[in-house]
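# Survey of secondary and tertiary structure
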Amino acid sequence: MDLRGLSPAPVTAFTRDGDVDHEANARLARWLVSVKGVKSLVILGHAGEGTFLTEDERLALIRTYVEAVDGAVPIIAGITGEGTKVAAEEAKKCKAAGATGALVYPNHGWLRFGYQKGAPQSRYKAIWEESGLQCILFQYPDATKASYDLDTQLDIATQEGVVATKNGVRNMKRWYVEIPELKKANPNLQILSCHDEWLLPTMFDVDGLLVGYGNIAPELLVKLIEAGKAQNYTEARKVFEQLLPITRTVYHRGSHMEGTVALKLGLVKRGILDHATIREPLKNLGEKAEKEIFDAFDAAGVGRIQEAVLAAE
Ligand SMILES: N[C@@H](CC=O)C(=O)O
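Residues numbered from 1 in each chain as written. Predicted model: local features only at pLDDT ≥ 70, side-chain atom pairs only at ≥ 80, totals over all residues. Heavy atoms only, no water.

## What about the site of the ligand?
Keep this limit in mind: For each residue, the test is whether any non-hydrogen atom lies within 4 Å of the molecule or strand; if one does, the residue is near. Contacts described as polar in this section are N or O atom pairs within 3.5 Å, which, within protein, must combine one atom able to donate a hydrogen with one able to accept it, while residues neighboring in sequence count only if both atoms come from side chains. Only the protein chains shown count as cover for residues, with accessible areas throughout obtained via the Shrake-Rupley method and a probe of 1.4 Å.
Around the ligand, the structure places H46, F138, K166, R170, C194, D196 and H256. Within the side chain of H46, one N or O atom sits 3.0 Å away from an oxygen atom of the ligand. Note that an oxygen atom of the ligand is positioned 2.8 Å from one of the side-chain N or O atoms of R170. For the ligand, whose accessible area on its own is 250 Å², the fraction buried by protein is 88%.

Set out below in structure tokens:
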């Protein structure tokens, strides 16, 4: 997979009754791939409420995405099963449904207890060997116990089947040391940042972004990536400042969970979704926050996508 560009992590659209809305998801998929610079769609992740869907719903959503993008970009599925065997079997089913890649989540028990040495490596190996899905190494924040130390990352990054890392370490001391080490160990490893709430400092070291943010402002994020790759700080800063009202209302919130709700509101504002129905445990943000989010898009000059454009996709 060539992920050198923007890989949005789409939300999952629901009907007002709370079922997966396949038509709305296909519309979102078609719009996102119409943006030049979008290189893949990463579904069933945090932004996609992946763990709030049943297995049947997850596989049906993959099929919807594969059909909607019609080969334009690979579909990458979040793999979240807890046990290594469970995750490998989940990946195999995702592959059969049409996915090309796997964004491999850590076992969430590790968030509380930490991981035993070697266990993350085995998880990636099993998923690759069982499914053949090209894997993305997901680096969690330094503040969690599921954040891999450098040796673990280096092992995974040089394993067969691992093509990229989505790095959300949120510790620039580690970022500045570990990203060059990963590149040295595997020059082909694609480096993707996911620091949605402050992307700018990471933009000059990456091949691309794998972000929920890609749902709502893909056009500007593509420009941010281009400026970062050109080492053009002035231009990158300009795009970052333009996005700041949106960043503040979507990602500078109480928690990243709220960010997912805010992404759906943003898609309503942009005319892609008709409503922002979510699934529990997510909660609505309330009218005040909704207005702040809608106003932020106006302040940033990020407008509604015309019906005619959507119909043409
Ligand atoms: N940006 C987030 C959301 C995840 O998928 C992160 O850093 O993990």
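## Side note on the packing of helix 3 (residues 84–97) against helix 5 (residues 119–131)
Our working definition: Here an angle of 0 to 180 degrees is reported between the N-to-C directions of two axes, which are lines fitted to C-alpha atoms, with helices fitted over the stretch in contact. Under the scheme used here, helices are H or I runs from DSSP no shorter than 4 residues and strands are E runs no shorter than 2 residues, and both carry numbers assigned from the N terminus. Take the far helix as your reference; a near helix turned counterclockwise from it by less than a right angle gives a left-handed crossing, and one turned clockwise gives a right-handed crossing. Any pair of residues with heavy atoms lying within 4.5 Å of one another is described as a contacting pair.
Contact geometry for helix 3 and helix 5: axes closest at 8 Å, N-to-C directions at 35 degrees. In this structure, helix 3 meets helix 5 at a crossing whose hand is right-handed. Here T84, A87, A88, E89, A91, K92 and K95 of helix 3 come into contact with helix 5, specifically with S122, R123, A126, I127, E130 and S131.

## Quick look at the environment of G101
For clarity, the threshold we go by: Exposure is judged per residue with a 1.4 Å probe applied to protein chains only, and the accessible area is read against the type maximum: over 50% gives exposed, under 20% gives buried, and values in between give partly exposed.
With respect to the element layout, G101 can be found in strand 4 (residues 101–104). Taking relative accessible area as the criterion, G101 reaches 0% and is therefore assigned buried. Sequence-wise, G101 and I79 are 22 residues apart; in three dimensions their C-alpha atoms are separated by 9.6 Å. The contact partners of G101, leaving out residues within four places of it in the chain, are M1, I75, I76, A77, L133 and Q134.

## Describing the environment of P120
With respect to the helices, strands and loops of the structure, P120 is situated in helix 5. Look at P120 and you get buried, because its relative accessible area is 0%. Linking P120 and K173, residues 53 residues apart in sequence, is a C-alpha distance of 23 Å.

## Topic: the pairing of strand 5 (residues 134–139)
Selection rule: Two strands pair under a simple rule: DSSP has to find at least two bridges between them.
Strand 5 sits mainly inside the fold: five of its six residues count as buried. Bridging between strand 4 and strand 5 involves four bridges; their strand directions are parallel. Across the sheet, the residue bridging to V104 is L137, located in strand 5. In this structure, strand 5 lies alongside strand 6 (residues 162–167), joined through five bridges in parallel fashion.

## With respect to the confidence of the model for the chain
Selection rule: The quantity known as pLDDT measures the predictor's confidence residue by residue, on a range of 0 to 100.
In this model, the chain carries a mean pLDDT of 97, and residues with pLDDT of at least 70 account for 99%. Overall fold confidence (pTM) sits at 0.96, and the ipTM for the predicted complex is 0.92.

## Observations concerning helix 8 (residues 218–229)
Under the convention used in this document: For a helix, the expected span equals 1.5 Å multiplied by the number of residues minus one.
With 12 residues, helix 8 extends 16 Å between its outermost C-alpha atoms, agreeing within 8% with the 16 Å of an ideal straight helix rising 1.5 Å per residue. Among the residues making up helix 8, those that are buried are P218, L220, L221, V222, L224, I225, A227 and G228. Buried residues in helix 8 make contact with strand 1 (6–8), helix 1 (22–34), strand 8 (208–211) and helix 9 (233–250). Backbone geometry just downstream of helix 8 places Q231 in the positive-phi region, at approximately 55 degrees.

## A short note on the packing of helix 2 (residues 55–69) against helix 3
Rules: Residue classes follow a fixed rule: Ala, Val, Leu, Ile, Met, Phe, Trp, Tyr, Cys and Pro count as nonpolar, while Asp, Glu, Lys and Arg count as charged, and any other residue, Gly among them, counts as polar.
Contact geometry for helix 2 and helix 3: axes closest at 9 Å, N-to-C directions at 35 degrees. At the point where helix 2 passes helix 3, the crossing takes the right-handed sense. Within the contact between the two elements, helix 2 uses E55, R58, L59, I62, R63 and V66 and helix 3 uses E90, K93, C94 and A97. For the contact of helix 2 with helix 3, the residue count by class is five nonpolar, no polar and five charged.

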